[in-house]
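# A closer look at the structure
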Amino acid sequence: NLTDDRLAHEGRRIGIAYHLAVKSGDIDMQNDALNQFNEILVTLRKQSQADILTKAFNNVNIHLTTPEKDAILYSRALMNAHAKGDSIAIEDAIDIAKSVKEFYIVERCNDDANKYYNLYNIAVNGAELGNKYSVETDAMAQMEIISEAGEMRQSLESDSIASKIFNISFDYYSIRLKTPEEDAIYYSTEMKKAIASGQQSQVDAISRITGMVFERYKFDCSDEAAALFNTRLNELIATE
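Residues numbered from 1 in each chain as written. Predicted model: local features only at pLDDT ≥ 70, side-chain atom pairs only at ≥ 80, totals over all residues. Heavy atoms only, no water.

This brings us to empty space enclosed by the protein. For the structure shown, the criterion picks out 1 cavity of 30 Å³ or more. Estimates place the volume of the largest cavity at around 30 Å³. Lining the largest cavity are Tyr18, Val22, Gln30, Tyr74, Ala77, Ala93 and Ile96. Of all the secondary-structure elements, those providing two or more residues to the lining of the largest cavity are helix H1 (4-24), helix H4 (67-84) and helix H5 (87-107). A class-by-class count of the residues in the lining of the largest cavity yields 6 nonpolar, 1 polar and no charged. (1 Å grid on protein atoms, 1.4 Å probe; cavity = no way out; pocket = protein on both sides within 12 Å on 5 of 7 lines; lining within 4 Å. Points joined across faces, edges and corners; volume = space filled by probe spheres on them. Helix = DSSP H or I, 4+ residues; strand = E, 2+ residues; numbered from the N terminus. Nonpolar A, V, L, I, M, F, W, Y, C, P; charged D, E, K, R; others polar.)

Below, the structure is given as structure tokens:
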């Protein structure tokens, strides 16, 4: 009984909810949005109605930025789904990543679409290797993962953007969180060493990693844990 305008409104509403859930890594919200979408879809008798609902959902759900940023965003959505062990969310994340490529073809060009999808796969490879390293306890196995990551980096040397994407993903997921206090102590010590070296590149490198640690605490633990890590880190860096 929904009018076309109402269908479009509902598609946009659910699409916005789903998009925000993907960005925040909230699997439950993603599933809730998809359930709402499907509940409406199964009641429709005409393909034209389904097309209106689907188009409204997709047009709101996918906002293209750059191939580089989107590659990281949607690879993390996939990894978040894996972390939750939600097979449906994993399938959805894979489908969405493919849909983003299709949007690039329509809204941009084939070159941007291929660039995005290539970087997305590189980001996923880096993330999977990094995550594998983070949970591995055997020293020899860890070295094998580091070696595999090194080979991947070597194969990407000619493409600075692809190399950067791989490193970001690998580093982000290879981080092993302990406690906010322990990590603040460790990374403040590393930052002091970098500052003492007088090399800005070393300071930038540690700053990049501490930013990732903060983000991991925020999404894997809580806002409170992230804030505690950040506060203690700054306090310890400021002490002699």
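Now that the structure is up, let's keep going.
This part takes up H5. Given a rise of 1.5 Å per residue, 21 residues ought to cover 30 Å, and the 30 Å separating the end C-alpha atoms of H5 matches this to within 8%. Of the positions making up H5, those classed as buried are Ala89, Ile90, Asp92, Ala93, Ile96, Ala97, Val100, Phe103 and Tyr104. Burial along H5 is one-sided: seen end-on, the buried residues are contained in an arc of 160°. When the buried face of H5 is taken as reference, the exposed residues oriented beyond 90 degrees from it are Ile88, Glu91, Glu102 and Val106. Where H5 begins, one side-chain oxygen reaches toward the backbone nitrogen of Ile88, 3.1 Å away; that side chain belongs to Asp86. (Expected span 1.5 Å × (residues − 1). Buried < 20%, exposed > 50% of the residue type's maximum accessible area, 1.4 Å probe, protein only. Arc of directions from axis to C-beta. Polar contact = N/O pair within 3.5 Å; in protein donor to acceptor, adjacent residues only side chain to side chain.)

What follows is about helix H10 (residues 200-221). Given a rise of 1.5 Å per residue, 22 residues ought to cover 32 Å, and the 31 Å separating the end C-alpha atoms of H10 matches this to within 8%. In this fold, the buried residues of H10 make contact with helix H8 (160-174), helix H9 (180-197) and helix H11 (223-238). (Contact = heavy atoms within 4.5 Å.)

Moving on, we get to the pattern of salt bridges. Inspection of the entire model under this criterion finds 10 salt bridges. Note that Arg76 and Glu215 form a salt bridge whose closest N and O atoms lie 2.8 Å from each other. Residue Arg76 is found in helix H4, and its partner Glu215 is found in helix H10; the two are separated by 139 residues along the sequence. Using a relative accessible area of 16% as the deciding quantity, one classes Arg76 as buried. Judged by its relative accessible area of 25%, Glu215 falls in the partly exposed class. Look at the salt bridges and you will find they share partners, linking Arg6, Glu10 and Arg13 into a network. (Salt bridge = Lys/Arg side-chain N within 4 Å of Asp/Glu carboxyl O.)

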